[in-house]
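Residue strings, one per chain:
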Amino acid sequence: MYKDTDCGAPRSSDIGREITVAGWVHRRRDHGNLIFVDLRDRTGLLQVVFNPELAPDAHQLAEGMRSEWVIQARGNIRARLPGAANPNLATGEVELVVSDSQVLNRSLTPPFEVEDDTDADESTRMANRFIDIRRPEMLGRLQLRHRVTHLIWDHLTENGFTQVETPILIKSTPEGARDYVVPSRVRPGTFYALPQSPQQMKQMLMVSGVERYFQIARCFRDEDLRADRQPEHTQLDLEMSFVHQEDVMALVEGLYTRIVRESRPSARLETPFAKLSYDEAVERYGSDKPDTRYGLEMSTITDIAAQSDARVFQAVASSGGTIRAFAAPGCAEYTRRQTDQLIDVAKAAGAQGLVYIAIDKSAPSIDELDADHIRSPLKNYMSVEIVKEIAHAVEASPGDLVLIVAGTKTVANNALSALRTEMAERLEMIDDNEFKFAWVFDFPLFDWDDETATWTPAHHVFSSPKEEHIPLIESDPGSVYADLFDLTCNGVELGSGSIRIHDPDVQMKVFNVIGYPDHEIEERFGHLLKAFRYGAPPHGGMGLGLDRITAMLAGQSNIREVIAFPKTQSAWDPLFDAPSLIAEEQLGELHIELDLEE
RNA sequence: GGCCCCGUGGUGUAGUGGCCUAACACGCCUCCCUGUCAAGGAGGAGAUCGGCAGUUCGAAUCUGCUCGGGGUCGCCA
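Notes on the structure follow. All figures in this text were calculated on a predicted structure; none of them were measured in a lab. (Residues numbered from 1 in each chain as written. Chains lettered and ligands numbered in written order. Predicted model: local features only at pLDDT ≥ 70, side-chain atom pairs only at ≥ 80, totals over all residues. Heavy atoms only, no water.)

1. Describing the pattern of salt bridges
The condition is simple: Salt bridges are defined as contacts in which a side-chain nitrogen from Lys or Arg sits within 4 Å of a carboxyl oxygen from Asp or Glu. A run of DSSP states H or I qualifies as a helix once it reaches four residues; a run of E qualifies as a strand once it reaches two. Both are numbered from the N-terminal end. The classification of residues rests on relative accessible area computed with a 1.4 Å probe and restricted to protein chains. Under 20% of the type maximum is buried, over 50% is exposed, and intermediate values are partly exposed.
A complete count under the given rule lists 47 salt bridges for this structure. For Lys567, the salt bridge goes to Glu232, with nearest N and O atoms at 2.9 Å. In this pair, Lys567 is assigned in the loop between helix 15 (546-553) and helix 16 (584-589) and Glu232 in strand 10 (residues 232-241), connecting sequence segments 335 residues apart. On the basis of relative accessible area, Glu232 is assigned to the partly exposed category, the value being 24%. Arg268 is the salt-bridge partner of Asp431, the closest N and O atoms lying 2.6 Å from each other. Taken together, the residues span a long stretch of sequence, with Asp431 in the loop between helix 12 (409-426) and strand 18 (434-435) and Arg268 in strand 11 (residues 268-269) at a distance of 163 residues. The exposure class of Asp431 is partly exposed, given its relative accessible area of 25%. Members of the salt-bridge network, linked through shared partners, are Arg125, Arg129, Asp132, Arg135, Glu137, Arg141 and Glu561.

2. Let's talk about the sheet that holds strand 1 (residues 18-30)
Either a parallel or an antiparallel arrangement is found when strands of a sheet pair, and the pairing is made through backbone hydrogen bonds. In plain terms, the rule: By the convention used here, strands pair only if DSSP detects at least 2 bridges between them. For helices, the fitted axis covers only the stretch in contact; all axes are lines through C-alpha atoms, and the angles between them, taken along N-to-C directions, range from 0 to 180 degrees. We call two residues in contact whenever any of their non-hydrogen atoms come within 4.5 Å of each other.
Reading around the circumference, 1-2-3-5-4 is the order of the 5 strands in this closed barrel, with mixed pairing throughout. Strand after strand, the sheet turns through a mean of 55 degrees between neighbouring axes, direction not considered. Pairing analysis gives 2 bridges linking strand 3 (residues 44-50) to strand 5 (residues 94-105), with the strands arranged parallel. When the sheet's bridge partners are listed, Val48 is paired in strand 5 with Leu96. The strands that helix 1 (residues 56-64) touches are strand 1, strand 2 (35-41), strand 3 and strand 5; relative to strand 5, the one it contacts most, it runs at about 65 degrees.

3. Re unusual backbone geometry
Looking along the chain, the bond that leaves Thr271 and enters Pro272 is cis, with omega of -5 degrees. When you line up the elements, Pro272 lands in the loop between strand 11 and strand 12 (274-277). Of the consecutive residues Ala578 and Pro579, the connecting peptide bond is found in the cis state with omega at 0 degrees. As for its position among the elements, Pro579 is in the loop between helix 15 and helix 16. Unusually for a residue other than glycine, Glu428 sits at a positive phi of about 50 degrees. The topology assignment puts Glu428 in the loop between helix 12 and strand 18. Positioned with a positive phi, Asn490 is a non-glycine residue whose angle comes to about 50 degrees. Topologically, Asn490 is positioned in the loop between strand 22 (484-489) and strand 23 (492-499).

4. Details of helix 4 (residues 136-158)
To keep it simple, the criterion reads: To estimate how far a helix should reach, multiply one less than its number of residues by 1.5 Å.
Between its first and last C-alpha, helix 4 extends 32 Å over 23 residues, near the 33 Å set by a 1.5 Å rise per residue. The complete set of buried residues in helix 4 reads Met138, Arg141, Leu144, Arg145, Val148, Thr149, Leu151, Ile152, His155 and Leu156. Of the surrounding elements, those touching the buried residues of helix 4 are helix 2 (122-127), helix 3 (129-132), strand 9 (212-220), strand 10, helix 6 (245-263) and helix 15. Just downstream of helix 4, Gly160 is the residue with a positive phi angle, here 85 degrees.

5. Digging into the pairing of strand 22
With 6 of 6 residues buried, strand 22 is to be regarded as a mostly interior element. With burial as the criterion, each face of strand 22 is covered, one bearing Leu484, Asp486 and Thr488 and the other bearing Phe485, Leu487 and Cys489. Bridging between strand 19 (residues 437-441) and strand 22 involves 5 bridges; their strand directions are antiparallel. Following the sheet pairing, Trp439 is matched in strand 22 by Leu487. Here 6 bridges tie strand 22 to strand 23, and the two strands are oriented antiparallel to one another. Residue Asp486 lies in a different strand from strand 23, and its bridge partner there is Ser496. Hairpin connection from strand 22 to strand 23: 2 residues lie between these consecutive antiparallel strands, with Asn490 at a positive phi of about 50 degrees.

Pasting the structure below:
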């Protein structure tokens, strides 16, 4: 070993020990004679002193040392001079007096400084990720990720799970996201796909009698990226046999409670997790992944608003739309500029516009409102009575700003949900250290797709309808609910799960509603359906995003911050420069000809 | 595919038509310095302003196109 002690280890109790350390030159302070080097390794910093009188050779070497050189130093730990301790360093009471040192490797001047408060641009960091990860903050995030993964392994192992690896080269079953695809050399003209998730394989493992399966699985989707989406992401994939929905939820809740408690002990965590039906979540928060750290709950005021003379409201109400609203406390004095900004938020979320009613704080109460207390662009079209009713419906008080969006159900909810987030931020209602988990369950089994005029699976084709709804599958698909559940936290969807269909007849009915022709069912799912005919146990499970929970624990909104080598928004790896061209011979072997424009 | 923001020495920024022969901070190089820890002091090098085309007597600055990065909507069962 090049070192017998970690840089972050020495304390006062080590004074007098002779140790050897090795690491990177974090900073060098040259006083002409005395030279101080802060030596860094993964455990921390240690001040190393080169004294020309005690070790002239080592001192001469240190004169040439520069940032990020890799060095080794041997010497004695001693207490720092009185008053020279550094309370900001864990090792700040002591220092290493070098007797002997060696340069293990030199370094070019790094493109940016290795420090937590980096000012380097993200693309610079990504192109030099090997240096970026030297920053304690980054290394810490990778270590956090490791701890989370380790806890998953421990917890699930303790609960009877078996980790099984499933293949990365699988069959493409085009549906949902676009596949990443790999050409086959030995079967010209055919392609593998990379898994979007190990869904079918883990269900097959249930048929196989594994009973409790998990995997930290890489999943690939060739879709446009976001701050919380990479072309490849990691999910905790798990599946259990002989369980109901509550059993899966209880297991996962136990795991996530433990993850948060052990990997971020200071976090405020409420247990048991809240439980909301899908309908309730949408009604109260306008979203199926509500941030429940704050209130700002919304109400439906379609009937009240439709009685006003406002044509927008009448038109929306009569065309089957919905009018929804919530009260932003204390915002009645918002300026034109501020309300305009809110209108922009609503429009960006798809709404035609936003109607607000400011209720002056001088009003004694809602019941005693008069016209002078009301400020609204639609003031002339709404009687005071209607404003009172609306205010009551949204539980507004004098001094509040009522935000109203009219539109289709989806539009109204999306816009109001965006406004809710916006107002929570503006009103500083968000506690970054709070982890408010909520289960959202009882999702509809199907969504209606206007564009194609078809029913599509809300989650995936294997989710089981609620038993009492099975008779409705073909007659009234829209009213069929499923044993489908999401784990959300602070307004982020962390994972989805469901009880799966294990009855081939029910499965066929679902396929029929979705409108898959028989040959396509056989082509895409034949292998799984065949397995199901050999005694499939009732089973269910979840897929949970590892990147997202880790980012959340790290206090980051961008999952690239917890991924060692992430890709850019255009799915480019700036470090290795992938994707890239391949040689003509490679293309030839694969029987591929390029047809590129230009 | 749409919308929005960004691109100036190694890094981060300032400069929004002539005062720019491009400024500042950090970093880098040389020298000085025995207790610093974002060490300090003195001096120095380093950018044709993402690229191309245009407008103009004159462009980092205006226009168009393009490339790259980020955010977001669509998309992501």
